[in-house]
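Topology and contacts: notes
Here is what each chain is made of, one letter per residue.
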Amino acid sequence: MILLKKRFEFGINKKGFIGSIGDDLPSLMPIIVALLLFFTIFSITLSSYTEKNVLLKKNISLMNISREIKGDSLITSVDAFSNNCNRIKFNQYSENFMIAIYSNETITKMFANGKSFLDDFKEVDAENPESSDNFLTAINNKGDEEAYFCYYQKIGGKQITNNKINYVTRFYPVAVQTKVDIAGKEYLIILPGLMVMVIW
């Protein structure tokens, strides 16, 4: 009994004794720092990968939608463009998009005035795109003037006026077939144009 008591007293009063965890603390610090550094770098890498993956999905969606709506880049009529637009709207997309066709004269005028396509899309009334003077228009089968414009907004999607959204814009040269009345006769001519797509 006396021997156990002496051993117990000797262990407590020993100089430099911190405890079983305290003695290992200096060797645990580099391991903790290394783990923190590892998880920080892993989190940054994962965040960058997610951001790039979202951008890649938007680009793939842009290519698929543009292929559906422009076909072989020859737009035969505003009715054909409208039919393609209505057909792709039946699909459920994870992004919103706007598509419009501009004539070369309009593009030159917009650049001269310092106006961008994104500003034009933000100002347009999606329900009445003919109100915009910049979109290319044509007479449809019903005899009404209709703009080469297509708009899709997913359920719960935000408007294009939200400046915090990252927009992806693509440009596609197209040829637009249109009717022109020359000396009382109708002729079909091909006009060069630019199809602009914005997805967000």
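The model shown is predicted, which means the values in this text are computed figures rather than measured ones.

How each quantity is defined
- Residues numbered from 1 in each chain as written.
- Predicted model: local features only at pLDDT ≥ 70, side-chain atom pairs only at ≥ 80, totals over all residues.
- Heavy atoms only, no water.
- Helix = DSSP H or I, 4+ residues; strand = E, 2+ residues; numbered from the N terminus.
- Buried < 20%, exposed > 50% of the residue type's maximum accessible area, 1.4 Å probe, protein only.
- Lys, Arg positive; Asp, Glu negative; His and termini not counted.
- Salt bridge = Lys/Arg side-chain N within 4 Å of Asp/Glu carboxyl O.
- Polar contact = N/O pair within 3.5 Å; in protein donor to acceptor, adjacent residues only side chain to side chain.
- Contact = heavy atoms within 4.5 Å.
- Pairing = 2+ DSSP bridges.

Quick look at the environment of Leu191 now. The topology assignment puts Leu191 in strand S7 (residues 185-199). Sequence separation between Leu191 and Leu74 is 117 residues, and the spatial gap between their C-alpha atoms is 9.9 Å.

Moving on: the side chain of Glu146. The residue Glu146 is located in strand S4 (residues 145-147) in this model. Comment: no salt bridge for buried Glu146; closest opposite-charge side chain is Lys142, at 7.5 Å.

Looking at where Ser103 falls in the secondary structure, it is placed in strand S2 (residues 97-103). In this structure the side chain of Ser103 is engaged in a polar contact, spanning 2.9 Å, whose partner is the side chain of Thr106. Discounting residues that sit within four places of it in the chain, Ser103 has contacts with Leu136 and Pro192.

This brings us to the pairing of S2. Counted residue by residue, S2 has 7 buried out of 7 residues, so it is predominantly covered. Bridge count for S2 against S7 is 7 bridges, and the pairing is antiparallel. Opposite Ile99, over in S7, you have Met197 as the bridge partner.

Take the environment of Met98 next. As for its position among the elements, Met98 is in strand S2. By relative accessible area, which is 3% here, Met98 ends up buried. Sequence-wise, Met98 and Thr169 are 71 residues apart; in three dimensions their C-alpha atoms are separated by 9.7 Å. Those residues within four positions of Met98 in sequence are excluded, and the remaining contacts are Phe121, Val124, Phe149, Cys150, Tyr151, Ile160, Val196, Met197, Val198 and Trp200.

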